[in-house]
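The chain contents come next:
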Amino acid sequence: AQSVTQLGSHVSVSEGALVLLRCNYSSSVPPYLFWYVQYPNQGLQLLLKYTTGATLVKGINGFEAEFKKSETSFHLTKPSAHMSDAAEYFCAVTFNFGNEKLTFGTGTRLTIIP
Amino acid sequence: DTAVSQTPKYLVTQMGNDKSIKCEQNLGHDTMYWYKQDSKKFLKIMFSYNNKELIINETVPNRFSPKSPDKAHLNLHINSLELGDSAVYFCASSLGRAGELFFGEGSRLTVL
């Protein structure tokens, strides 16, 4: 069965510092990987996705993620954190690119320190 | 102009009651979903409809009954509410079964 693990339920970074949120998946077939962001009292919004092709994927708000097959990882990064980045971030995986089989991680709460 | 809207946003009710949550999308999407997010933020799919046809029913108790009167609406009715039903319920939609998911703001259900 597919699964995704997010290391660290809470991450705090200073404003202007590098943001790194970790996501690892388990799979025996090529995955499709996603990062979603949830701002307080809102629904989830797609940040970026990897399906095929280039392994470095750029998303909205300056975020990017790199698919590393050898490490079964899809970590999310942003070079310089902004106060508005404070939110909950979810990694998700599917293997047939069907939303009905999308499995979400347990989320990482990102706090930005002024 | 809200793309995926849910009502009500908050719902507090007693055990044993029946309640409904409504969802509407104005994106022209053909696929809609209900997700449940528990107190630990774990998000799990409950139902999925494509062109008003049920395509996913993920081991949800039959006290939960989705209804899709048309492609733009997907409602969730819950009978005989239990304490464990307390959660945030998210409606979402997509174009096709593999399109980007667009989520509503959620409906927080509290069962006392």
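I will try to describe carefully the structure that is included in this document. (Residues numbered from 1 in each chain as written. Chains lettered and ligands numbered in written order. Predicted model: local features only at pLDDT ≥ 70, side-chain atom pairs only at ≥ 80, totals over all residues. Heavy atoms only, no water.)

1. What about the overall build of chain A?
Here comes step 1: Broken down by element type, chain A carries zero helices and eleven strands.
Here comes step 2: Over its C-alpha trace chain A gives a radius of gyration of 13 Å, about what one expects of a compact globule, namely 13 Å for 114 residues.
Here comes step 3: Projecting the C-alpha coordinates of chain A onto the three principal axes gives extents of approximately 40 × 30 × 20 Å.
Here comes step 4: Residues counted as buried form 46% of the 114 residues belonging to chain A. (Helix = DSSP H or I, 4+ residues; strand = E, 2+ residues; numbered from the N terminus. Rg over C-alpha atoms; globule rule 2.2 N^0.38 Å. Buried < 20%, exposed > 50% of the residue type's maximum accessible area, 1.4 Å probe, protein only.)

2. A short note on the state of the cysteines
Residue and element names in this part refer to chain B.
Here comes step 1: A complete count under the given rule lists two disulfides over all chains for this structure.
Here comes step 2: The disulfide partner of cysteine 23 is cysteine 91, and the gap between their sulfur atoms is 1.9 Å. Every disulfide takes its handedness from the sign of the S-S torsion; for cysteine 23 and cysteine 91 that torsion is -75°, giving left-handed. Note that cysteine 23 is positioned in strand 3 (residues 19–25) and cysteine 91 in strand 9 (residues 87–94), a separation of 68 residues in sequence. Side by side, cysteine 23 and cysteine 91 carry an identical accessibility label, which is buried. (Disulfide = S-S within 2.5 Å.)

3. Focus: the interface of chain B and chain A
Here comes step 1: Contact with chain B, which involves 23 residues of that partner, is made by 18 residues of chain A.
Here comes step 2: Contact between chain B and chain A buries roughly 1700 Å² in total, counting both sides, with carbon and sulfur atoms accounting for 53%.
Here comes step 3: At the surface where chain B touches chain A, the tally comes to zero salt bridges.
Here comes step 4: Inspection of the region where chain B meets chain A yields two residue pairs in polar contact (both at pLDDT 80 or more).
Here comes step 5: Elements with a contribution of two residues or more to the side of chain B that touches chain A: strand 4 (31–37), strand 5 (43–50) and strand 9 of chain B.
Here comes step 6: Sort the elements by how many residues they give to the side of chain B that touches chain A and strand 4 of chain B lands first, with three residues.
Here comes step 7: Classifying every residue of the side of chain B that touches chain A gives eleven nonpolar, five polar and seven charged. (Contact = heavy atoms within 4.5 Å. Buried area = accessible area lost by both parts, 1.4 Å probe. Salt bridge = Lys/Arg side-chain N within 4 Å of Asp/Glu carboxyl O. Polar contact = N/O pair within 3.5 Å; in protein donor to acceptor, adjacent residues only side chain to side chain. Nonpolar A, V, L, I, M, F, W, Y, C, P; charged D, E, K, R; others polar.)

4. Some points on the packing of aromatic side chains
Here comes step 1: In the structure shown here, the tally under the stated rule is twelve aromatic pairs over all chains.
Here comes step 2: Pairing A:Tyr50 with A:Phe67 gives two aromatic rings, centres 4.4 Å apart and planes at 25°, and the pair type is stacked. Taken together, the positions of A:Tyr50 in strand 5 (residues 44–50) and A:Phe67 in strand 7 (residues 64–68) put the pair 17 residues apart, joining distant regions of the chain.
Here comes step 3: Judged by its relative accessible area of 8%, A:Tyr50 is buried.
Here comes step 4: By relative accessible area, A:Phe67 is classed as buried at 10%.
Here comes step 5: The rings of A:Phe34, A:Tyr36, A:Phe90, A:Phe104, B:Tyr33, B:Tyr35, B:Phe90 and B:Phe103 are connected pair by pair, giving a single aromatic cluster. (Phe/Tyr/Trp six-rings, centres within 6.5 Å; stacked < 30°, edge-to-face > 60°.)

5. A few points about the side chain of B:Gln6
Residues and elements named next belong to chain B.
Here comes step 1: Mapped onto the fold, glutamine 6 is located in strand 1 (residues 4–7).
Here comes step 2: Within polar-contact distance, the side chain of glutamine 6 engages the backbone oxygen of tyrosine 89 at 2.8 Å.
Here comes step 3: Apart from the residues within four sequence positions on either side, glutamine 6 is in contact with Ile21, Lys22, Cys23, Trp34, Tyr89, Phe90, Cys91, Gly104, Glu105, Gly106 and Ser107.

6. Quick notes on the nonpolar core
If you look at soluble globular proteins, the nonpolar side chains tend to sit buried side by side.
Here comes step 1: If you look at the biggest cluster of nonpolar residues, it comprises 27 residues, and the most contacted ones within it are A:Trp35, A:Leu48, A:Leu76 and A:Tyr89.
Here comes step 2: Put simply, the parts of the chain that give this core at least two residues each are strand 2 (10–14), strand 3 (19–26), strand 4 (32–38), strand 5, strand 7, strand 8 (73–78), strand 9 (87–94) and strand 11 (108–113) of chain A.
Here comes step 3: Residues B:Leu11, B:Trp34, B:Leu81 and B:Tyr89 belong to the second largest nonpolar core, which totals 20 residues. (Core = buried A, V, L, I, M, F, W, Y, C linked by side-chain atoms within 4.5 Å.)

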